Amino acid sequence: MVPRKLRLLPEHLYPSDEWQIIETTFTHEWIGNAETIFSLANGFLGVRGLFEEGRPAVEEAMFCNGFHETWDIVHAEEAYGFARTGQTIVNVPDTTIIKLYVDDEPLYLPTARITEYERKLDFRDGVLRRDMNWASPSGKQVHVKSSRLISLEYRHVGAIRYEVTIDTKAPVVISSQMLNRQDSRPTDEPRNGATGDPRRAKAFTHRVLNAREHHDEDQRIVTGYRTTNSRMTLGVGIDHVIETENEWELERSWSEDLGKVVYTIDVQPDVPITITKYFTYHTSRSVPPLELVDRCNRTLDRSLKHGYDELEKAQRAYLDDFWSRADVVVDAEPRVQQAVRWNIFQLCQASARAETTGIPAKGLTGQAYEGHYFWDTEIYVAPFLTYTNSRIARNLLRFRHSMLNLARERARVLSEDGALFPWRTINGEEASSYYAAGTAQYHIDADIAYAIRRYIDVRGDHNILGEVGAEILVETARLWTGLGFFSPDTGAFHIHGVTGPDEYTTVVNDNTFTNLMARANLRYAAEVVQWLEKEDRRSFSHLKHVTNLEDDEPARWERAARAMYIPYDKERGVNPQDDNFLEKEVWDFKNTPKDHFPLLLNYHPLVIYRHQVIKQADVVLAMVLLGDEFSLEQKRRNFDYYDPLTTGDSSLSACVQSILAAEIGYEQKALEYFQYALLMDLADVAGNVIDGVHIASTGGVWMALTYGFGGMQDFKGKLSFNPRLPQAWGRLQFHLRFHESRLHVDLTHERFRFEVYEGEPLTITVCGQDLHLAPGTPSEVEACVGETRPAQPANGSPPAHPIT
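Residues numbered from 1 in each chain as written. Predicted model: local features only at pLDDT ≥ 70, side-chain atom pairs only at ≥ 80, totals over all residues. Heavy atoms only, no water.

A.B. asks: I tried to follow the overall build of the protein chain on my own but got confused; where do I start?
C.D. replies: In terms of regular secondary structure, the protein chain is built from 18 helices and 31 strands. Scaling as 2.2 N^0.38, a compact globule of 804 residues should have a C-alpha radius of gyration of about 28 Å, and the protein chain matches this with 27 Å. Referenced to the eigenvectors of the C-alpha coordinate spread, the extents of the protein chain come out at roughly 90 × 60 × 60 Å. Going through the 804 residues of the protein chain one by one, you find that 63% of them count as buried. Surface accessibility of the protein chain: about 29,500 Å² in total, with carbon and sulfur atoms responsible for 47%. Seen as two clouds, the 86 positive and the 116 negative side-chain charges of the protein chain have centres 2 Å apart. (Helix = DSSP H or I, 4+ residues; strand = E, 2+ residues; numbered from the N terminus. Rg over C-alpha atoms; globule rule 2.2 N^0.38 Å. Buried < 20%, exposed > 50% of the residue type's maximum accessible area, 1.4 Å probe, protein only. Areas by Shrake-Rupley, 256 points an atom, 1.4 Å probe, with all protein chains shown as cover. Lys, Arg positive; Asp, Glu negative; His and termini not counted. Charge placed at Lys NZ, Arg CZ, Asp CG, Glu CD.)

See the structure below:
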């Protein structure tokens, strides 16, 4: 991996704390990073870490998962089957704005004289708090405190408590607003100032949100919108409670893009003003705006009845339960523990209430990647959810199933049987306009099948098969048998014209990752059909009805799986990434300027495609996901070959490389890659943290801790551990739920301790030996120490430099 420059948050501005991110001084330099790092979300609703009083430094504020606008994809040269409908998550009206005026002078942090300041996000209560003193132009001392939350318990609710105290008498105006920012930006202005970066969202060239209904009274404003093209509907509402002994007056105004509730207050010395602002969002694909306005009114009524303190109490209770299932404790320097918990907290925020949607690549922290759902969910996020919150994991599988009919239609367009899920999408239609690195990634079908199997292996929940899983498995297996072919010469089953996870090598024959994952998909589909026929006749009958399953299909899948061609080079002793990857010239890393990474922003795709150069782990990922199909020595040889060729231009790579490096005994390299993944956003490793959190990488951090250093494996439904605790760490602890058992794992250099603290007895394997765990009775074994090796360079390229 190419060494990356780390832009670490300075300790004097962002001190270490194991449970909080704290900002002690307002600075212009870090404002864009902080807008992402202090984001709040609950999986349905998200808000970036903007200040209530100010304009965004980088990106607009508010997003609702799945709420999108569509647009026609224009291809310079048309061809049959190209994606036609673009989809972009909409920046919904911002309800967090509260503007403060003292002596008619605005509080605007970039120019204000701030004498005291602290902002912090505590992962235990999920509340963003700020406490500061402003020396106004007229010399008044203005104390401002605010707290903000997006409720994890109540899916559609957010709230802000805003408190102002002034040391002398002053006229004060507080303007609470609901602003439609997206439609107030000039249409020819690129979003985020983006030029040429395909990862960033596009600016709309038309008005998106059209107000159709409106309701306002007292301190409440509610508006119902409909989008121009997608025809989705949105309800947005705000309401307030003011508490003060000062005299005040209220003024309310509304237009299609701006609603205001304005308080004019004659403030007396040291007499506080407290305004609590509640906001709510509801979305739909079919419900008319008027009904969403009604829903908003009911949500606001309930929020006012319960009060802000109840929201904070419920938030703390939700997170107490979350951390009891998901916390990972690392005995290392405080910065490491802080970063670990921040990453895990992002997984909570991205998924907690994502109940009828997927999980966007940036969660709800930014508009990059258009708010699309990728394979990231199944491969990087689902493992965490499967082990810590099976309800959400099930919902994600159901969501994929909801796209199955569109996936069937997409397969027909590409002249294939079965179903082909979209590479990137919001509404189920393929939205990737560049087929070589998009639609050609057929492996997404196998990735979804893999997530189904892992969920069932870990949770033991076979009911999901009859509900949604078996139907997906049948249709994805059909795709592979139609896409591939048997060689007339060797009888081997080949899959041509596909792209693997590495987007720097596209439209190739027999991509090793794709063939291995397709084989696993075919085998599991046949196994499930046979199991249902024997064990669940009702579900089997339903499956045959909805899929028109033929009796001999499972046998055809098994035949293709047995004959699957897996590339292997005997001379080098490695698995080629595809059938001709090793024939290409190796990329000249030595003479590539550092500022030319990522390569995708600096070289034409054809230049990249003709070289041995890798954007992200491909064969290495296959060895992580299907590790029981490779020997340890084979893993080392493949890792040694591919690691120097991997640029790490994708945030999905470092965590995977860390996992495999830990398994094969490359401790220093495992730690190096883990730190890249751990600090992907907190140290801006990829250089684009301003665009939002890399959610897949946060899931990868959990995987690196549990699968990598924890040495956990779960192949074929059997849980085993062969820990690789780094010498620099004193301890690693984490929680899992496997079948009906809740397990606590506690690893040190001297001993490994396992305890089933709730549920059924469990048998696991530790360092090759079975260990039977009875509930409530901890079991300890002496630590087994695996071989540790220095990483071996290959192809004349040095290994990546360690982080200092």
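There is more to say, and it comes next.
A.B. asks: Just checking my understanding: could you explain the pairing of strand S1 (residues 20-23) for this structure?
C.D. replies: Within a regular strand, side chains alternate between the sheet's two faces. Of the two faces of S1, the one holding Gln20 and Ile22 and the one holding Ile21 and Glu23 are both buried throughout. Taken together, the four bridges between S1 and strand S8 (residues 113-122) define a ladder with antiparallel strand orientation. Its bridge partner being in S8, Glu23 is matched across the sheet by Arg119. (Pairing = 2+ DSSP bridges.)

A.B. asks: Help me understand the packing of aromatic side chains in this model?
C.D. replies: Two aromatic rings, taken as a pair, are described by how far apart their centres are and by the angle between their planes. In this structure the tally under the stated criterion is 28 aromatic pairs. Ring centres of Trp587 and Tyr603 lie 5.0 Å apart, and the angle between their planes is 85°; this geometry places the pair in the edge-to-face category. Here Trp587 is found in the loop between strand S22 (585-586) and helix H13 (605-609), whereas its partner Tyr603 is found in the loop between S22 and H13, with 16 residues between them in sequence. A residue is classified by how much of its surface remains accessible, and Trp587, at 7% relative accessible area, is buried. (Phe/Tyr/Trp six-rings, centres within 6.5 Å; stacked < 30°, edge-to-face > 60°.)

A.B. asks: Got a minute to help me understand the pattern of salt bridges in this structure?
C.D. replies: Side chains carrying opposite charge are able to pair once their charged atoms draw close together. Scanning the model with the defined rule gives 55 salt bridges in all. For Arg478, the salt bridge is made with Glu475, and the minimal N-O distance between the two is 3.4 Å. One end of the pair is Arg478 and the other is Glu475, both in helix H9 (residues 463-483) and three residues apart, which spans about a single turn. Here Arg478 and Glu475 have matching classes, each one buried. Put simply, Arg408, Glu471, Glu475, Arg478, Glu550, Asp552, Glu553 and Arg556 are held in one network by salt bridges that share partners. (Salt bridge = Lys/Arg side-chain N within 4 Å of Asp/Glu carboxyl O.)

A.B. asks: Help me out: how do you make sense of the sheet that holds strand S18 (residues 273-284) in this one?
C.D. replies: By way of backbone hydrogen bonds, the strands of a sheet pair with one another, either parallel or antiparallel. Taken in spatial order, the nine strands of this open sheet run S1-S8-S9-S10-S11-S18-S15-S14-S13, and their pairing is antiparallel. Each edge of the open sheet is held by one strand with a lone partner, namely S1 and strand S13 (209-217). Ignoring strand direction, the axes of neighbouring strands in this sheet form an average angle of 15°. By the bridge criterion, eight bridges tie strand S9 (residues 127-135) to strand S10 (residues 141-150) in an arrangement that is antiparallel. In the sheet register, Met132 faces S10, and the bridge partner there is Val144. (Axes fitted to C-alpha atoms, helices over the stretch in contact; angles between N-to-C directions.)

A.B. asks: Teacher, can you tell me more about the sheet that holds strand S2 (residues 40-41) here?
C.D. replies: Across the sheet, four strands lie side by side as S2-S3-S4-S5; this open sheet has antiparallel pairing. Looking at the sheet topology across the chains shown, the edges are occupied by S2 and strand S5 (85-92). With three bridges joining them, strand S3 (residues 45-47) and strand S4 (residues 62-72) adopt antiparallel strand pairing. Considered in S4, the bridge of Gly46 is made with Phe63.

A.B. asks: What should I look at first to understand helix H8 (residues 443-459) in this one?
C.D. replies: Within an α-helix, residues lying three or four positions from one another point in the same direction, as the helix has 3.6 residues per turn. With 17 residues, H8 ought to run about 24 Å at 1.5 Å a step, and its terminal C-alpha atoms sit 24 Å apart, in line with that. Extensive coverage of H8 is indicated by the burial of 16 of its 17 residues. (Expected span 1.5 Å × (residues − 1).)

A.B. asks: When you look at the packing of helix H7 (residues 404-413) against H9 in this model, what are you seeing that I'm missing?
C.D. replies: Packed helix pairs are characterised by how far apart their axes lie and by the angle those axes make with each other. Here H7 crosses H9 at 10°, and the two axes come no closer than 11 Å. Taken together, the axes of H7 and H9 are roughly parallel relative to one another. When H7 is examined against H9, the residues Leu404, Arg408 and Ala411 are found in contact with a partner set consisting of Glu471, Ile472, Glu475 and Leu479. When its residues are assigned to classes, the contact of H7 with H9 shows four nonpolar, no polar and three charged. (Parallel < 35°, antiparallel > 145°, perpendicular 65-115°, else oblique. Contact = heavy atoms within 4.5 Å. Nonpolar A, V, L, I, M, F, W, Y, C, P; charged D, E, K, R; others polar.)

A.B. asks: What should I look at first to understand the state of the cysteines in this one?
C.D. replies: Each disulfide consists of a covalent bond between the sulfur atoms of two cysteine residues. Applying the stated criterion across every chain, the model contains one disulfide. Across the disulfide from Cys767 sits Cys784; the S-S distance is 1.6 Å. An S-S torsion of about -45° defines the bridge between Cys767 and Cys784 as left-handed. Placement of Cys767 in the loop between strand S29 (762-766) and strand S30 (769-773) and of Cys784 in the segment after strand S31 (779-782) is noted, with a sequence separation of 17 residues between them. Here Cys64 stays unpaired: no disulfide links it, and the sulfur of Cys296, its closest cysteine neighbor, is 9.5 Å away. Here Cys348 stays unpaired: no disulfide links it, and the sulfur of Cys64, its closest cysteine neighbor, is 18 Å away. Owing to a relative accessible area of 1%, Cys348 belongs among the buried residues under this scheme. (Disulfide = S-S within 2.5 Å.)

A.B. asks: Help me understand the pairing of S8, please; the structure alone is not making it clear to me.
C.D. replies: Two elements, S8 and S9, share nine bridges in a ladder whose sense is antiparallel. When the bridges of S9 are listed, Asp122 appears paired with Val127. Hairpin connection of S8 to S9: four residues between the antiparallel strands, including Gly126 at a positive phi of 65°.

A.B. asks: Mind showing me how you'd approach the side chain of Lys584 here?
C.D. replies: For Lys584, the position within the fold is in the loop between helix H12 (553-563) and S22. Although Lys584 lies buried, it forms no salt bridge, and the closest oppositely charged side chain, Asp578, sits 4.9 Å away as judged by the N-O distance. In this structure Lys584 touches Thr505, Tyr609, Arg610, His611 and Gln612, once residues within four positions along its chain are discounted.

A.B. asks: Is there a simple way to explain the nonpolar core in this structure?
C.D. replies: Generally speaking, a soluble globular protein has its nonpolar side chains buried in company with each other. In terms of nonpolar packing, the biggest core is built from 234 residues, with Leu100, Tyr281, Trp375, Phe721, Leu743 and Phe754 touching the most fellow members. Leu100 has contacts with Glu105, Pro106, Leu107, Trp134, Val142, Val144, Tyr162, Val164, Val172, Val173 and Ile174, leaving out every residue within four places of it along the chain. With eleven residues, the next largest nonpolar core counts Val157, Ala159, Val222 and Cys296 among its residues. (Core = buried A, V, L, I, M, F, W, Y, C linked by side-chain atoms within 4.5 Å.)

A.B. asks: Sorry if this is basic, but what is going on with unusual backbone geometry here?
C.D. replies: Most peptide bonds take the trans configuration, and most residues that are not glycine carry a negative phi. In this structure, the amide linkage connecting Phe597 to the following residue, Pro598, adopts the cis form with an omega of 0°. Not every positive phi belongs to a glycine, and Asp218 is a case in point at roughly 50°.

A.B. asks: Mind showing me how you'd approach the layout of surface pockets here?
C.D. replies: If you add up the space inside the second largest pocket, you get close to 450 Å³. Glu333, Arg335, Val336, Gln675 and Leu679 are the residues nearest the centre of the second largest pocket, which is lined by 22 residues in total. Residue composition of the lining of the second largest pocket, by class: 17 nonpolar, three polar and two charged. (1 Å grid on protein atoms, 1.4 Å probe; cavity = no way out; pocket = protein on both sides within 12 Å on 5 of 7 lines; lining within 4 Å. Points joined across faces, edges and corners; volume = space filled by probe spheres on them.)

A.B. asks: Even after reading the chapter, I still don't get the packing of helix H16 (residues 654-663) against helix H17 (residues 667-678), so can you show me in this structure?
C.D. replies: Where H16 contacts H17, the axes come no closer than 8 Å and their chain directions differ by 155°. Considered as vectors, H16 and H17 are oriented roughly antiparallel to each other. Of the two elements, H16 crosses H17, and the hand of that crossing is left-handed. On H17, the residues touching Ala654, Cys655, Gln657, Ser658, Ala661 and Ala662 of H16 are Lys669, Ala670, Tyr673, Phe674, Tyr676 and Ala677. In terms of residue class, the contact of H16 with H17 is made up of nine nonpolar, two polar and one charged. (Left-handed = near helix turned anticlockwise from the far one by under 90°.)

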